[in-house]
Amino acid sequence: MSIINVWLFPARLAWRQLVHDRPKMIAAISGVLFACVLVFMQLGFKDALYASAASMPLKFDGDLFLIHRQSEAMWRPAQFERSELIRALGHPAVAEVIPLYLSLATFKAMDTQVKRTLMVFGYDPDTDLLNVDAIKSMKVALRVKDTVMFDEFSRPEFGPVGEQLKVGRNRTEVNDYKVRILGVFQLGISFAADGNIVTSDQNFMRIFPNRSMGYIDVGAIRLHPGTAIQPVKAELKTLLNDFVKIYTYEEILEHERLYWENAAPIGFIFNFGTVMGLIVGMVIVYQILFTEITNYRFEFATLKAMGYQHQYFVRMVFASALILAILGFVPGFVLSKGLYYLAESQIFIPMPMTLEKIVTVFMFILFMCATAGLLAIHRLKSANPADMF
Amino acid sequence: MVIAVHNLSYSFGSGTLTQPVLKGVDLAIHQGEIVIMTGPSGSGKTTLLTIIGGLRQALNGSVVVLGEQLVNSTERTKVSIRRQTGYIFQQHNLLKSLTALQNVCMTLEMQHDLTESERSCRAQKMLEAVGLKEWLHYLPESLSGGQRQRVSIARALVGQPKIVLADEPTASLDRQSGHEAVEILKQLAKVSDTAILLVTHDYRILDIADRVVELEDGMIKSA
Ligand SMILES: Nc1ncnc2c1ncn2[C@@H]1O[C@H](COP(=O)(O)OP(=O)(O)O)[C@@H](O)[C@H]1O
Ligand SMILES: [Mg+2]
């Protein structure tokens, strides 16, 4: 009972004072709301970036993957000899190896003729390297010369390829090389590439005449069913040259994600945006709390003269901060949810509003308001009752 | 004896700027006694009142209030005295975001053993006693000066203090409402046997006092 009162009474007084001064309360809430939306958007974009950056290997069907140690990320891989991958076949647990050729290329939109860059995947269709049903079902057709399949989830600037195919328009150019689009599949785009096409390894060489079969970008390894992956990975590591790195499926996803988080400055930009949002919000809340304490210092002195102690006012300030945090967070959350939806539907970036994100942002906002409260508390010292009456 | 001041000295400032305000004050007030203190402006009446109320720390002499020595006292002692005295300020000093009832309840919210309804009930009775039955839920800004001062009387008395300290409570009121307010204060204090030390320049209200003293030149003179 008492412990509740210790917080309830100052919180109630804080609430009554906030409500009494509506304009100031609205200003403070707007500040929190602003910070909240900014942080939600920064985190949303950041997560979307990482999620979609990592989405490239997401559909890879393999147990272990080789990439050149200089490959920072899959959108700009360094090639290595195919023979390196073939050597992995020497390990008894290895059932199959699959070379993957990757390159960025321009794709001419069939309606506007505008060229835009997308990612080209080249591999033997029989291997089903990408675990995407639409591609698997076309493996025979994909072996025909100059055929490709197009990712429906590519950005709309590439044109409504799905509809164009239905009306019989299927010819365009990739890397200025004429190709025929067989159909569409669904993969998803990343910040690095606005779209994807898949083609056979043979066709890949035709589209990129200066590439050769002997140099690959990614080597996928499939083990015999039921083999423990980690020991094989360790053994292959000693077998292979140092210039290739070997990853499990989870590790190669992680490698992609880490690239965007660390190597690319993009992650920093989002973190910077988050911190800036929190600082701006904190300054606004601090300002409001500070003027609030200044305006109410006679009342605080009166309460002190009645026997209220410093701790009570400290609790009041923190309660105000908490109230503002909650009142700013709720509309901030709703607004952010709307903006997430807008981002998903307008710029085709997946922005899920996860519980984790909600909790994280609320913690940030709470921390921000508490810090503002902590800074404002020193102003309380000026309420000395003896000097006021 | 609820207040016993003996040889109390107090100065503002330090060094060459030291300004002695109280120079050996002696004053004793019994339970239930109503004492009015007058004196020229700047003679130190407010200073004395704030020392007795535990708002200001005195370093020389002796000030025993409700059995506690306030000279060189701890913060705890002062807070304890503040809670046991009702203070009525020259300005009403009500909390402007609270209604009359909520303002009066603020005194009782320091007593955690009361329930919300007990607090509210006691505050309401006290406001009725000062004639504000119809005004419980009004904010100070929509009350008249006299009504506000009566709310602050209710606030000072609702905790059933043994002592009420009032610093020129009628200064900002017209004659009629000033007299009303003080009359109410006197009646309520008599009922609960509360001692009152009231500072005033207002000679029209001297008649409520059991005794009138004058503070002059930093010392008490009986008038
Ligand atoms: N906080 C203070 N700092 C310095 N001097 C003060 C302060 N408060 C009062 N004084 C001085 O102390 C003297 C007594 O003040 P006060 O007790 O308010 O007198 P009264 O209430 O009788 O008018 C005055 O000369 C005043 O200038
Ligand atoms: Mg005075």
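The written sequence of each chain sets the order in which its residues are numbered from 1. Labels follow written order: the first chain is A, the first ligand is 1, and so on. Since the coordinates come from a predicted model, pLDDT governs what is reported: local features require at least 70, and pairs of side-chain atoms require 80 or more to be given and counted, while whole-chain, interface and lining totals use all residues. With hydrogens and water excluded, all non-hydrogen atoms of the structure serve as input to the side-chain values.

Caption draft 1: Molecular detail of the overall build of chain A. For chain A, the helix and strand inventory stands at 12 helices and 11 strands. C-alpha extents for chain A along the principal axes are approximately 95 × 50 × 35 Å. Across the 389 residues in chain A, those meeting the buried criterion constitute 51%. Charge centroids of chain A, computed over 37 positive and 35 negative side chains, lie 6 Å from each other. Numbering goes from the N terminus for both helices and strands, where a helix is a DSSP run of H or I of at least four residues and a strand is a run of E of at least two. Between buried and exposed lies partly exposed: a residue is buried under 20% and exposed over 50% of the maximum accessible area for its type, with that area taken using a 1.4 Å probe on protein chains only. The sign given to each residue is positive for Lys and Arg and negative for Asp and Glu; His and the chain ends receive no count. Throughout, a charge is located at the NZ atom of Lys, the CZ atom of Arg, the CG atom of Asp or the CD atom of Glu.

Caption draft 2: Seen up close, helix H6 (residues 175-192) of chain B. All names here are of chain B. Under the convention used throughout, the expected extent of a helix is 1.5 Å for every residue step, that is, one less than its residue count. Between the first and last C-alpha of H6 there are 26 Å, a value that for 18 residues agrees with the 26 Å anticipated at 1.5 Å per step. Regarding H6, the residues found buried are Ser-177, Gly-178, Ala-181, Val-182, Ile-184, Leu-185, Leu-188 and Ala-189. One side of H6 holds all its buried residues, which, seen down the axis, span an arc of 155°. Away from the buried face of H6 by more than 90 degrees, exposed residues Arg-175 and Val-191 are located. Packed against the buried residues of H6 are strand S6 (85-88), helix H4 (116-129), helix H5 (145-157), strand S7 (163-167) and strand S8 (195-199). The backbone nitrogen of Gln-176 has a side-chain oxygen 3.2 Å away, supplied by the residue at the start of H6, namely Asp-174. By arc we mean the arc of the directions from the helix axis to the C-beta atoms, nothing more. Whether two residues are in contact is decided by their heavy atoms, any of which lying within 4.5 Å being enough. Two N or O atoms form a polar contact when they lie within 3.5 Å of each other; inside protein one atom must be a possible hydrogen donor and the other a possible acceptor, and for residues adjacent in sequence the pair counts only when both atoms belong to side chains.

Caption draft 3: Region of the structure containing the sheet that holds strand S4 (residues 60-65) of chain B. All names here are of chain B. Overall, antiparallel pairing links the four strands, which are arranged S2-S1-S4-S5 in an open sheet. The open sheet is flanked by strand S2 (19-29) and strand S5 (68-69), the only strands paired with a single partner. Should DSSP find at least two bridges between two strands, the strands are regarded as paired. Of the pairings in the sheet, the one linking strand S1 (residues 3-12) to S4 comprises five bridges and is antiparallel in character. Bridged to Ile-3 within S4 is Val-65.

Caption draft 4: Highlighting the interface of chain A and chain B. Facing the 26 residues of chain A at the interface are 25 residues of chain B. Summed over both sides, the interface between chain A and chain B buries roughly 2,500 Å², with carbon and sulfur atoms accounting for 58% of that surface. Here chain A and chain B share seven residue pairs in polar contact (both at pLDDT 80 or more) between them. Sorting the residues of the side of chain A that touches chain B by element identifies helix H1 (2-20) and helix H10 (297-306) of chain A as the ones contributing at least two each. It is H1(A) that provides the largest number of residues to the side of chain A that touches chain B, a total of nine residues. In the side of chain A that touches chain B, the residues fall into 13 nonpolar, eight polar and five charged. Two parts lose some accessible area (1.4 Å probe) when they are put together, and adding that loss for both gives the buried area. Ten residue types, Ala, Val, Leu, Ile, Met, Phe, Trp, Tyr, Cys and Pro, are classed as nonpolar, four, Asp, Glu, Lys and Arg, as charged, and the remainder, Gly among them, as polar.

Caption draft 5: Local environment of the domain arrangement of chain A. Annotation comment: domain bounds sourced from an automatic or database domain assignment. When the domains of chain A are assigned, the result is domain 1 (3-53 + 265-388) and domain 2 (70-241). In this structure, domain 1 of chain A and domain 2 of chain A have C-alpha centres spaced 48 Å apart.

Caption draft 6: Molecular detail of unusual backbone geometry. Residues and elements named next belong to chain B. The phi torsion at Asn-7 lies on the positive side, around 50°, for a residue other than glycine. Checked against the element boundaries, Asn-7 lands in strand S1. Residue Asn-7 is classed as partly exposed on the basis of its relative accessible area of 44%.

Caption draft 7: Broad picture of the packing of aromatic side chains. Any Phe, Tyr or Trp ring, taking Trp's six-membered ring, that has another such ring centre within 6.5 Å forms a pair; planes under 30 degrees apart are called stacked, those over 60 apart edge-to-face, and the others tilted. Per the stated rule, a full pass over the model turns up 20 aromatic pairs over all chains. Centroid distance Phe40(A) to Tyr340(A): 6.2 Å. Interplanar angle 90°. Geometry classified as edge-to-face. Taken together, the residues span a long stretch of sequence, with Phe40(A) in helix H2 (residues 22-53) and Tyr340(A) in helix H11 (residues 310-346) at a distance of 300 residues. By the burial criterion, Phe40(A) is buried, and Tyr340(A) matches it. With a centroid separation of 5.3 Å and an interplanar angle of 80°, the aromatic rings of Tyr10(B) and Phe12(B) are classed as edge-to-face. Accessibility expressed as a relative area gives 28% for Phe12(B), which makes it partly exposed. A network of ring pairs unites the aromatic residues Phe40(A), Phe329(A), Phe333(A), Tyr340(A) and Phe362(A) as a single cluster. Looking at Arg315(A), its charged tip hangs above the ring of Trp7(A), at a distance of 5.8 Å from the centre. Think of it as a cone above the ring: NZ of Lys or CZ of Arg counts as a charge over the ring if it is within 6 Å of the ring centre and within 35 degrees of the ring normal.

Caption draft 8: Inspection of the nonpolar core at higher detail. Ranked by internal contacts, the top residues of the largest apolar core, which has 54 residues, are Ile365(A), Met368(A) and Met106(B). Elements with a minimum of two residues in this core: H1, H2, helix H9 (266-295), H10, H11 and helix H12 (355-376) of chain A. Residues within four places of Met106(B) in sequence aside, it is in contact with Leu13(A), Leu303(A), Met306(A), Tyr308(A), Tyr312(A), Leu95(B) and Leu98(B). If you look at the next biggest cluster of nonpolar residues, it comprises 37 residues, including Leu94(B), Ile153(B), Leu173(B) and Ile208(B). Only buried residues count toward a nonpolar core, which is a set of Ala, Val, Leu, Ile, Met, Phe, Trp, Tyr and Cys residues joined through side-chain atoms within 4.5 Å.

Caption draft 9: Just a nonpolar patch on the surface, in detail. All names here are of chain A. Grouping into patches uses exposed residues only, defined as over 30% relative accessible area, and leaves out salt-bridged ones; the cut-off is 9 Å for like charges and 5 Å for nonpolar side chains (Val, Leu, Ile, Met, Phe, Trp, Tyr). Each accessible area value is a Shrake-Rupley result obtained with a 1.4 Å probe; residue values ignore everything except the protein chains displayed when judging cover. Basic side-chain nitrogens of Lys or Arg form a salt bridge, by our definition, when they fall within 4 Å of a carboxyl oxygen of Asp or Glu. On the surface, Phe-268, Ile-269, Phe-272, Val-275, Met-276, Ile-279 and Val-283 cluster together into a nonpolar patch covering about 650 Å² of accessible area. Tracing the sequence through the fold places Val-275 in helix H9. When its relative accessible area of 44% is taken as the criterion, Val-275 is described as partly exposed.

Caption draft 10: The arrangement of the packing of helix H3 (residues 100-108) of chain B against H4(B) in detail. Residues and elements named next belong to chain B. Interhelical geometry of H3 versus H4 gives an angle of 120° and a closest axis separation of 9 Å. In this view, H3 runs oblique relative to H4, as classed from their interaxial angle. For the crossing formed where H3 meets H4, the hand is right-handed. Across from Ala-100, Leu-101, Val-104, Cys-105 and Leu-108 in H3, the residues of H4 making contact are Arg-119, Ser-120, Arg-122, Ala-123, Gln-124 and Leu-127. The class makeup of the residues in the contact of H3 with H4 is seven nonpolar, two polar and two charged. Throughout, an axis means a line fitted to C-alpha atoms (over the contacting stretch in the case of helices), and angles, computed between N-to-C directions, take values from 0 to 180 degrees. The cut-offs work like this: below 35 degrees is roughly parallel, past 145 is roughly antiparallel, 65 to 115 is roughly perpendicular, and the gaps in between are oblique. By convention, the crossing between two helices is left-handed when the near helix turns anticlockwise from the far helix through less than a right angle, and right-handed when the turn is clockwise.

Caption draft 11: Expanded view of the sheet that holds S6(B). All names here are of chain B. As summarised here, the arrangement of the six strands in space is S6-S7-S8-S3-S9-S10, forming an open sheet in which the pairing is mixed. Across the chains shown, the open sheet's two edge strands, defined by having one partner strand only, are S6 and strand S10 (219-222). Each adjacent strand pair in this sheet contributes to an overall mean axis angle of 20°, direction not counted. Sheet topology note: the S7/S8 ladder contains five bridges and is parallel. Directly across from Ile-163, in S8, lies its bridge partner Ala-195. Contacts between helix H1 (residues 45-52) and the sheet are confined to strand S3 (34-38), S6, S7, S8, strand S9 (211-216) and S10, with S7 contributing the most and set at about 155° to the helix.

Caption draft 12: Layout of the pattern of salt bridges. Counting across every chain of the model gives 26 salt bridges over all chains. As a salt-bridge pair, Glu33(B) and Arg211(B) come within 2.9 Å of each other at their nearest N and O atoms. A residue pair is termed long-range when its members are at least 10 positions apart, and Glu33(B) in the loop between S2 and S3 and Arg211(B) in strand S9 qualify at 178 residues. Through salt bridges with shared partners, a single ionic network connects Arg12(A), Glu109(B), Glu116(B) and Arg119(B).

Caption draft 13: A look at the pairing of S1(B). Residues and elements named next belong to chain B. Pairing between S1 and S2: eight bridges, direction antiparallel. Each bridged residue has a counterpart across the sheet, and for Phe-12 the counterpart in S2 is Gln-19. Counting the residues that bridge the hairpin from S1 to S2 gives six residues, and of these Gly-13 lies at a positive phi of roughly 75°.

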